[in-house]
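Next come the chains, spelled out residue by residue.
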Amino acid sequence: MKVLITGGSGFLGKNLNFILSKNKNTEVISLSSKDADLTKSNSLVKYESIKFDKIYHLAAWTQAGDFSLHHSGEQWINNQLINSNVLRWWHDNQKQAKLISIGTSCSYSEGGSLEEEDYLNGHPIKSLYAYGMCKRMLLIGQQNLAKQFGMKFLTVIPSTLYGPGYSLGNKIPHFIFDIIIKIIQGKKHNSRVELWGDGTQKREIVHVADFIEQMLQIETKVENDLVNIGAGEEFEIKFFARLICKILDFDHEKIIYNTDKYVGAKSKNLSIKKNKKIIPNYQSTTLEEGLRETVLDISGRL
């Protein structure tokens, strides 16, 4: 089995590479932007001679927080280039490979059902419109290549991923890591912690190991379709903050909720009815267990 991963230096890419590489019968080539600048049309030429069985297209030009508010034009250009170049290379050189790509909950219409049949309906949330539409275009590209040339794909749509091993670099962290980092720092310095919003906005998180295991199971059962992978339940930011405070033995009363800051959608809870029909007996990591593991990992690196 020969596998290619784009976005291999990201949180999901590193974890997927680790899991796939455990299998001695699987040869994995994991690419970061340093290995291949996917905005360039010839970035994958050196890999044309290898016939891959699967291509995991994880690469995307984005960050969390309010990044999309300030970089929407760049997001559109860079992600369209990345996705078009990968699709072109897939079509021209790797028709035998199944392409597994990552969608985004941002593509769903705010206030909609967040069920797979509505992924292309309505308008993505305004603040994330460009990124959401780029992911929709990626899906449409896969659908039409499959239709005309008989190629195989799967798109999986995650809720926010969490777990150990998240990079603590200069990028804006996703909300759950932002909360964890801020509360750890608050405990270290015995200081107040500021979180964005009033704390009532709701979010859903799924452990990265659970996401990968479900994706690997689903890809053997599903072709030319999209499937949500989430926890099936969302919680208020205040709930996450209180649970993290409990794990760290930090006083939740020291948290300040800043209602003047950007908070994104008020709610994003993926429907996982389709997922449960495909893999009905999957047992996910409990939220407290997963957060404790994540908090301890980050605490040891800060």
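Residues numbered from 1 in each chain as written. Predicted model: local features only at pLDDT ≥ 70, side-chain atom pairs only at ≥ 80, totals over all residues. Heavy atoms only, no water.

Caption draft 1: Structural context of the nonpolar core. Counting 54 residues, the largest nonpolar core has Ile176, Ile183, Phe211 and Leu291 as its most contacted members. The residues touching Leu291, leaving out its near neighbours within four places in the chain, are Tyr162, Ile176, Ile180, Ile205, Phe240, Leu243 and Ile247. Within the second largest apolar cluster, 29 residues are counted, among which are Val86, Trp90, Met151 and Ile157. (Core = buried A, V, L, I, M, F, W, Y, C linked by side-chain atoms within 4.5 Å. Buried < 20%, exposed > 50% of the residue type's maximum accessible area, 1.4 Å probe, protein only. Contact = heavy atoms within 4.5 Å.)

Caption draft 2: Seen up close, the environment of Asn258. Its location among the elements puts Asn258 in strand S12 (residues 255-258). A C-alpha to C-alpha distance of 38 Å links Asn258 and Asn17, two positions 241 residues apart in sequence. For Asn258, the contacting residues outside a window of four places in its chain are Glu194, Leu195, Trp196 and Gly197. Within polar-contact distance, the side chain of Asn258 engages the side chain of Glu194 at 3.4 Å. (Helix = DSSP H or I, 4+ residues; strand = E, 2+ residues; numbered from the N terminus. Polar contact = N/O pair within 3.5 Å; in protein donor to acceptor, adjacent residues only side chain to side chain.)

Caption draft 3: Spotlight on unusual backbone geometry. Of note, Leu114 is a non-glycine position whose phi angle comes to about 55°, a positive value. The residue Leu114 is located in the loop between strand S4 (98-102) and helix H4 (129-149) in this model. What makes Leu114 buried here is its relative accessible area of 8%. The phi dihedral of Asp249 is positive, around 55°, even though this residue is not glycine. Among the structural elements, Asp249 can be located in the loop between helix H7 (237-248) and S12. According to the relative accessible area criterion, Asp249 is exposed, its value standing at 65%.

Caption draft 4: Geometry of the sheet that holds strand S5 (residues 152-158). The parallel open sheet is built from six strands, whose spatial order is S2-S1-S3-S4-S5-S10. Two strands close off the open sheet at either side, each with one partner strand: strand S2 (27-31) and strand S10 (225-229). Geometrically, the sheet is characterised by an average inter-axis angle of 15° between neighbouring strands, direction not taken into account. As paired strands, S5 and S10 are joined by five bridges and run parallel to one another. (Pairing = 2+ DSSP bridges. Axes fitted to C-alpha atoms, helices over the stretch in contact; angles between N-to-C directions.)

Caption draft 5: A look at the side chain of His57. By the element assignment, His57 lies in strand S3 (residues 54-57). For His57, the side chain forms a polar contact with the side chain of Thr6, separated by 2.8 Å. With sequence-adjacent residues up to four places away left out, His57 is seen in contact with Thr6, Ile82, Asn83, Val86, Leu99, Ile100, Ser101, Ile102 and Leu138.

The values are spatial; any link to function lies outside them.
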